[in-house]
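Tertiary structure, described
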Amino acid sequence: MLIANVIVDVPTLQTNRPWAYGIPKQLQDVVTPGMRVQAPFGNGSRLLQGFVVSVETDNFTEFSDKKLKLIQGVLDLEPVLNPELIQLGQVMAKQNFAFQISMFQTMLPNFFRARYEKSLVLMEPSKVMDERVHQLFADRDEVAFNREEIPDELLSVLKRYQQQKIIKIHYHIKNQAKSKLVRQFKAQQTAENYLRLRSELKLSATKQARMLTYLSEHSNDEWRLVSALEKEFNFSSQDVKKAEEKGWLQTEYVEAYRQPETMNLSGYAQPLTLNFEQFEAYQTIQQALIEQKKRTFLLEGVTGSGKTEVYLHSIAQALELGKSAIMLVPEITLTPQMVQRVKGRFGAQVAVLHSGLSDGERYDEWRRINQGTARVVVGARSAIFAPVENLGLIIIDEEHENSYKQDDNPRYHAREVADWRADFHQATVVLGSATPSLESRARAQKGIYTLLHLQQRVKNNSLPRAEIIDMTESLKVNGDDLYSKKLIEAIKARLVRHEQTVLMLNRRGYANFMMCRDCGYVPMCPNCDLAMTVHADTHRLECHVCGATQSLPYVCPQCHSKRIRPFGTGTQKAEMQLQKLLPQAKILRMDNDTTRRKGSVEKLLTSFGRQEADILIGTQMIAKGLDFPNVTLVGVLNADTSLRLPDFRASERTFQLITQVAGRAGRADKAGEVLIQTFNPQHYAIQLAKDQDYERFYQQEMRLRHQWRYAPYYYSIQIKFVHADEMQAVQAAMQTAEWLKNHVADNTMIFGPAPSGVKRLKNKYHYQVLIRYQHDAQLEQAMTQLMDDAQKWQAKGVQISIDRDPLNIG
DNA sequence: AGCACGCCGACT
DNA sequence: GTCGGCGTGCTC
């Protein structure tokens, strides 16, 4: 008997392993590893979706035939996971303390996720005495079984009938992955034949005559869509059917791909010429590609140094070698312009995966990749799992971006997945950034990665002149904390010259909340330990975590003072203040509120690009990827707010943010200027960002990281404990911390338990324990044990999550 | 996850 | 005496 080892769709620790199933005879030629199957699991043998990870011949020792259940059916005719991805899923599950089933589901389009349905089947109607049950079935012998629709008191009745085998429960797995089929047609005869046929028609057969005329004129055409023919020439499906019956044309069904964007690819765009630096970098990458031995490059290049063109050249080289390529970009920079640039170069070979796709579109793009039609994949984080064969090149643009790590389970990091896949394929990895993560830069230092430098800007224009404005000293406009006189003057100068300005309000670690100027009272969210945020448009307070709202108080609820007013600054207020200072300026605002709707980011940016506004003011989202030649001034309104975050990466984040936004100035032939307003003018992160001096920042920050024993010198694992009752959360955290101390190496450090940065969220208490270590042989074992214990805590309602190398500590 | 088994309290 | 509460344990 053939045995299939199956990972079933039950995300728990105890079930996180392959289960053996017999393969029935009729499926023996069908079931192969990587396929989704229906497997009966557990006491009631409810049907579950599962992934076959291996197939073997039974040795008749391990299982008595009694124990072995049979696979009930297949959900695919072809595997959806290839051997590489099966292995990858297993490795990543282990590495990230996640379940294999969750990993597999993450790797595939949503369409492959099973939908479960239950139904009640009436076996012996005559034995049902309860009238309510008869009503439920209403003469049918099978009805859908939805818990919510059936009253509790009926549930026990049904259960008794089920035990007596009068009623049975059937389980159904719905396969969502359906290809769309379309019909196409082709002429079958010669033009002369069609004309002859037409002459033989009765005069009244005008429709047929039109059909023959059309066919005679298109007898040499390739396959065309039947629907197009019907629409363009006003034929009915009957007409087409008749024509087919008469042998005038032939039709067939083909799988249709829901193309996300219809783009007319009129010819390929020519590659741009590389400058010397770019060429050198490219050559090194090219060599690695040709050698086909895994190598990782860190392409460190200032904004505007033309990294993208190096990527595109490298992709072209990979394709030429018969390889495929994956290029990851942060979701926010995955704009139509960017996509167009890649599609323009590589045409229909490009597949794009981003969050804006519908499930159907995503599924179709996935299939184009799976079938090898698309050999270049561009996408955000999850595109790293694209099922390409023969992978030769992986590019991760803006590699320092946080979004490459998923922030809920499974908490994988795309960079790590890339590393594993590159090992598997002996592929080349290119990590690109103007401000690499310290982890990556340190690896380059150690020789694990090869550092490639791009120091010039492509158009040879120098970096913008940058200046720090000390807000403690500066003359402020109207005594206002937001705009210095210098900045306002600079903007005015741009208005006169019809040049544009970009202003960034650093909202990280910042919020505009209400505060009573007399007693210091701040309205807090009733569910979360967070100040509520002022929304001027709706005149309400809103919690950004749980969404609770309340009206703006006009009198302090604590001391009844009328001096309760907004404190801090939101983009709205910044915009309003600026408009007051510069009434003639046209201002565009870009923040969470104005970009909530799909496509609105695009609209805003296009409008700004057309110079329909003088000033673009926004949050950190404007720091990335904008390229507007007419922008000659970039202002950072509050550079230092993100410095105050209780996280060891606060400096790194601040440096990256300022450097990035500064790079938006003067990208064309006009000289750019950057003004950085701050209350911490001496801080090294701000000073060095002003000079765009990544290398010195790296040196300085590494010294501090070493001193404080942080990454990249130490690894960390964060364990979070969440419970509605604070004591429960604390207790779980305490016991875990104590237990850990006795089960890890001596030089491994255990911190906590400590309340998380925000202790209470959505009425639940968050506590955390942090492990920091360098090498610890015992840790793996300890963590496995801990996951086991976590199950017990979870049973008591304490949610526990484990995060390896967390991006936020605090 | 979901289902059964099992051992204690408040009902006919 | 039974019905049902949810703690515990298992699922090829």
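Residues numbered from 1 in each chain as written. Chains lettered and ligands numbered in written order. Predicted model: local features only at pLDDT ≥ 70, side-chain atom pairs only at ≥ 80, totals over all residues. Heavy atoms only, no water.

As recorded by an unreviewed UniProt entry, chain A carries the name Replication restart protein PriA and is attributed to Weissella kandleri. Turning to chain A, the UniProt record has this under Function (unreviewed entry): "Initiates the restart of stalled replication forks, which reloads the replicative helicase on sites other than the origin of replication. Recognizes and binds to abandoned replication forks and remodels them to uncover a helicase loading site. Promotes assembly of the primosome at these replication forks." As stated in UniProt under Sequence similarities (unreviewed entry), the record for chain A gives "Belongs to the helicase family. PriA subfamily." (UniProt positions renumbered as here; feature names shortened; annotations may be inferred.)

Here the focus is the overall build of chain A. When helices and strands are tallied, chain A shows 22 helices and 34 strands. Its C-alpha atoms give chain A principal-axis dimensions of about 90 × 75 × 60 Å. Looking at chain A residue by residue over its 810 residues, the buried ones come to 52%. Considering only contacts in chain A between residues 6 or more positions apart, those separated by 24 or more positions represent 74%. Of the roughly 39000 Å² of accessible surface on chain A, 49% is carried by carbon and sulfur atoms. Charge-centre separation for chain A: the mean point of 102 positive side chains lies 3 Å from the mean point of 92 negative side chains. (Helix = DSSP H or I, 4+ residues; strand = E, 2+ residues; numbered from the N terminus. Buried < 20%, exposed > 50% of the residue type's maximum accessible area, 1.4 Å probe, protein only. Contact = heavy atoms within 4.5 Å. Areas by Shrake-Rupley, 256 points an atom, 1.4 Å probe, with all protein chains shown as cover. Lys, Arg positive; Asp, Glu negative; His and termini not counted. Charge placed at Lys NZ, Arg CZ, Asp CG, Glu CD.)

Right, let's get into the sheet that holds strand 1 (residues 2-8). Spatially, six strands are ordered 5-2-1-4-3-6 in an open sheet, and the strand pairing comes out mixed. Of all strands in the sheet, those with a lone pairing partner are strand 5 (69-70) and strand 6 (73-74), marking the two edges. (Pairing = 2+ DSSP bridges.)

Take the protein's contact with DNA strand C next. Every one of the 13 residues lining DNA strand C counts as a neighbour, but Arg17, Trp19, Ala20, Lys67 and Lys69 are closest to it. Taking the atoms of DNA strand C that fall within 4 Å of the protein, sugar and phosphate contribute 46% of them. The contact in question runs from a base nitrogen of DNA strand C to an N or O atom on the side chain of Arg17, over 2.9 Å. For DNA strand C, a phosphate oxygen lies 2.3 Å from a polar atom in the side chain of Lys69. If you list the elements that add at least two residues to the surface near DNA strand C, you get strand 2 (19-22) and strand 3 (36-41). No other element matches the three residues that strand 2 contributes to the surface near DNA strand C. Of the residues in the surface near DNA strand C, the class split is seven nonpolar, three polar and three charged. (Near = heavy atom within 4 Å. Polar contact = N/O pair within 3.5 Å; in protein donor to acceptor, adjacent residues only side chain to side chain. Nonpolar A, V, L, I, M, F, W, Y, C, P; charged D, E, K, R; others polar.)

For the pair helix 10 (residues 307-320) and helix 11 (residues 336-346), interaxial distance at closest approach is 11 Å and the crossing angle is 35°. The way helix 10 lies across helix 11 gives a crossing that is right-handed. Counting all contacts with helix 10, which are made through Thr308, Glu309, Leu312, Ile315, Ala316 and Leu319, the residues of helix 11 involved are Arg341, Val342, Arg345 and Phe346. Class assignment of the residues belonging to the contact of helix 10 with helix 11 gives a composition of six nonpolar, one polar and three charged. (Axes fitted to C-alpha atoms, helices over the stretch in contact; angles between N-to-C directions. Left-handed = near helix turned anticlockwise from the far one by under 90°.)

Structurally, chain A comprises domain 1 (116-174), domain 2 (180-256), domain 3 (276-454), domain 4 (465-511 + 568-637 + 666-688) and domain 5 (715-804). Summarising the inter-unit geometry, the C-alpha centres of domain 2 and domain 4 are found 61 Å apart. (Domains from an automatic or database assignment.)

The UniProt entry lists Cys525, Cys528, Cys543 and Cys546 under the feature "binding site: Zn(2+) 2" (unreviewed entry), expressed in the numbering used here. Looking at the secondary structure, you find Cys543 in the loop between strand 24 (540-542) and strand 25 (549-551). The class for Cys543 is buried, based on a relative accessible area of 1%.

We now examine the nonpolar core. Counting 49 residues, the largest nonpolar core has Leu81 and Ile384 as its most contacted members. If we ignore the near neighbours within four places in the chain, the residues touching Leu81 are Pro33, Gly34, Phe51, Ile86, Phe104, Met107 and Leu108. Listed in part, the 39 residues of the second largest apolar core include Ala613, Leu616, Met621 and Leu643. (Core = buried A, V, L, I, M, F, W, Y, C linked by side-chain atoms within 4.5 Å.)

To continue, consider helix 12 (residues 359-370). Taking 1.5 Å of rise per residue, 12 residues should cover 16 Å, and helix 12 covers 16 Å from first to last C-alpha, within 8% of that figure. Judged by how many residues are buried, helix 12 sits mostly within the fold: 10 of 12 residues are covered. Considering only its buried residues, helix 12 is in contact with strand 12 (249-256), strand 15 (350-353) and strand 16 (376-379). Where helix 12 terminates, the next one or two residues include Gly372, which has phi positive at roughly 85°. (Expected span 1.5 Å × (residues − 1).)

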